Amino acid sequence: DQQVKQNSPSLSVQEGRISILNCDYTNSMFDYFLWYKKYPAEGPTFLISISSIKDKNEDGRFTVFLNKSAKHLSLHIVPSQPGDSAVYFCAAATQGGSEKLVFGKGTKLTVNP
Amino acid sequence: DAGVIQSPRHEVTEMGQEVTLRCKPISGHNSLFWYRQTMMRGLELLIYFNNNVPIDDSGMPEDRFSAKMPNASFSTLKIQPSEPRDSAVYFCAANWDPGGELFFGEGSRLTVL
């Protein structure tokens, strides 16, 4: 049973437009969420995170929104750039509890020039 | 710091052979994780260690899989005997804080024929 779901395997956007990647989770104990970016032949790298005490966290072109009641989070990239083309993984954890990060299956983002 | 180092980067072997994947975490990281990435299941946690002690191996798929961490600077993931369905990319990752940002290696791509 997937506790973290990324229902869109792929997303294609034009350079300069907004990219919105979505993630849903089922475990209400999750209170810390992260996004990782992965380029081909490389390991995932940390992008941005958000704690459940917040509903928004921003870092440059990247913003993560958290809707706890809906158990939903999203990553917004604006403006999108061709270098953002990668697979994005959503991950969730329980702070102060297990060290395990539970990942979604990933969404492949393609930003077209 | 060179980051998390994995070897080999690529391994092609025949069904029934033993496979050993290696990981050298970043100095000072107290937790080490082994993940497997497949198209069908995304990033799955196989096992993680804290201070060299296995904490949770519930993700290890079968008894054919075993992992060790004899010291803080080295870990192995062994598959014996290997099967074609074990073909995947295996990632080693490490962190300092429970549930926090993970630092991944570049992965070991395993192909079992």
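Residues numbered from 1 in each chain as written. Chains lettered and ligands numbered in written order. Predicted model: local features only at pLDDT ≥ 70, side-chain atom pairs only at ≥ 80, totals over all residues. Heavy atoms only, no water.

Participant: Can you tell me about the overall build of chain A, naming the residues and giving the values?
Facilitator: Along the backbone of chain A there are 0 helices and 11 strands. Counted over contacts in chain A with a minimum sequence separation of 6, partners at least 24 positions apart contribute 54%. Accessible surface for chain A amounts to roughly 5,400 Å². Of this, 49% is attributable to carbon and sulfur atoms. When the 12 positive and 10 negative side-chain charges of chain A are each reduced to one mean point, those points stand 4 Å apart. (Helix = DSSP H or I, 4+ residues; strand = E, 2+ residues; numbered from the N terminus. Contact = heavy atoms within 4.5 Å. Areas by Shrake-Rupley, 256 points an atom, 1.4 Å probe, with all protein chains shown as cover. Lys, Arg positive; Asp, Glu negative; His and termini not counted. Charge placed at Lys NZ, Arg CZ, Asp CG, Glu CD.)

Participant: Residues and numbers for the environment of A:Ser19, please.
Facilitator: All names here are of chain A. One can find Ser19 in strand E3 (residues 19-25). With relative accessibility at 0%, the residue Ser19 sits in the buried group. Measuring from C-alpha to C-alpha, the distance between Ser19 and Arg61 comes to 10 Å, with 42 residues separating the pair along the chain. With residues up to four places along the chain from it excluded, the contact list for Ser19 reads Leu11, Val13, Leu75, His76, Ile77, Ser80 and Leu109. Within the structure, Ser19 has its side chain in polar contact with the side chain of Ser80 (distance 2.6 Å). (Buried < 20%, exposed > 50% of the residue type's maximum accessible area, 1.4 Å probe, protein only. Polar contact = N/O pair within 3.5 Å; in protein donor to acceptor, adjacent residues only side chain to side chain.)

Participant: Tell me what's going on with the layout of surface pockets, and back it up with residues and numbers.
Facilitator: Any space left empty among the atoms is revealed by the rolling of a water-sized probe across them. By volume, the largest pocket is sized at about 790 Å³. Mapped by element, the contributors of at least two residues to the lining of the largest pocket are strand E9 (86-93) and strand E11 (107-112) of chain A together with strand E4 (31-38), strand E9 (88-95) and strand E11 (108-112) of chain B. A class-by-class count of the residues in the lining of the largest pocket yields 13 nonpolar, 13 polar and 7 charged. (1 Å grid on protein atoms, 1.4 Å probe; cavity = no way out; pocket = protein on both sides within 12 Å on 5 of 7 lines; lining within 4 Å. Points joined across faces, edges and corners; volume = space filled by probe spheres on them. Nonpolar A, V, L, I, M, F, W, Y, C, P; charged D, E, K, R; others polar.)

Participant: Could you give an account of the interface of chain A and chain B, naming the residues involved and the relevant values?
Facilitator: Counting from both sides, the interface comprises 19 residues of chain A and, opposite them, 24 residues of chain B. For the pairing of chain A and chain B, the buried interface totals around 1,700 Å² over both sides, and the portion due to carbon and sulfur atoms is 57%. Taken together, the links from chain A to chain B amount to 0 salt bridges. Between the two partners, chain A and chain B, sit 4 residue pairs in polar contact (both at pLDDT 80 or more). (Buried area = accessible area lost by both parts, 1.4 Å probe. Salt bridge = Lys/Arg side-chain N within 4 Å of Asp/Glu carboxyl O.)

Participant: Account for the nonpolar core, with residues named and values stated.
Facilitator: In summary, soluble globular proteins display a tendency toward joint burial of nonpolar side chains. If you look at the biggest cluster of nonpolar residues, it comprises 23 residues, and the most contacted ones within it are A:Phe33, A:Trp35, A:Leu73, A:Leu75 and A:Tyr88. For this core, the secondary structure elements donating two or more residues are E3, strand E4 (32-38), strand E5 (45-51), strand E7 (62-67), strand E8 (72-77), E9 and E11 of chain A. Ranked by size, the runner-up nonpolar core spans 22 residues in total, among them B:Val19, B:Cys23, B:Ile26 and B:Phe49. (Core = buried A, V, L, I, M, F, W, Y, C linked by side-chain atoms within 4.5 Å.)

Participant: Which residues make up the sheet that holds strand E1 (residues 4-5) of chain A, and what are the values?
Facilitator: Residues and elements named next belong to chain A. Judged by pairing direction, the sheet is antiparallel, and its 5 strands sit side by side in the order E1-E3-E8-E7-E6 without closing on themselves. Where the open sheet ends on each side, the last strands, each with one partner, are E1 and strand E6 (56-59). With 2 bridges joining them, E1 and E3 adopt antiparallel strand pairing. Pairing of Lys5 across the sheet is with Asp24, part of E3. (Pairing = 2+ DSSP bridges.)

Participant: Can you lay out the state of the cysteines for me, pointing to particular residues and giving the numbers?
Facilitator: A full pass over the atoms with the stated rule returns 2 disulfides over all chains. One disulfide bridge connects A:Cys23 with A:Cys90, the sulfur atoms lying 2.0 Å from each other. On the sign convention where negative means left-handed, the S-S torsion of about -75° between A:Cys23 and A:Cys90 marks this disulfide as left-handed. Of this pair, A:Cys23 sits in strand E3 while A:Cys90 sits in strand E9, and the two are 67 residues apart along the sequence. Shown here is the disulfide that connects B:Cys23 with B:Cys92, its sulfur atoms set 1.9 Å apart. Around the S-S axis, the bridge from B:Cys23 to B:Cys92 shows a dihedral of about -65° and counts as left-handed. Of the two residues, B:Cys23 sits in strand E3 (residues 19-24) while B:Cys92 sits in strand E9, which places them 69 residues apart along the sequence. Comparing B:Cys23 with B:Cys92, the two get one shared label, buried. (Disulfide = S-S within 2.5 Å.)

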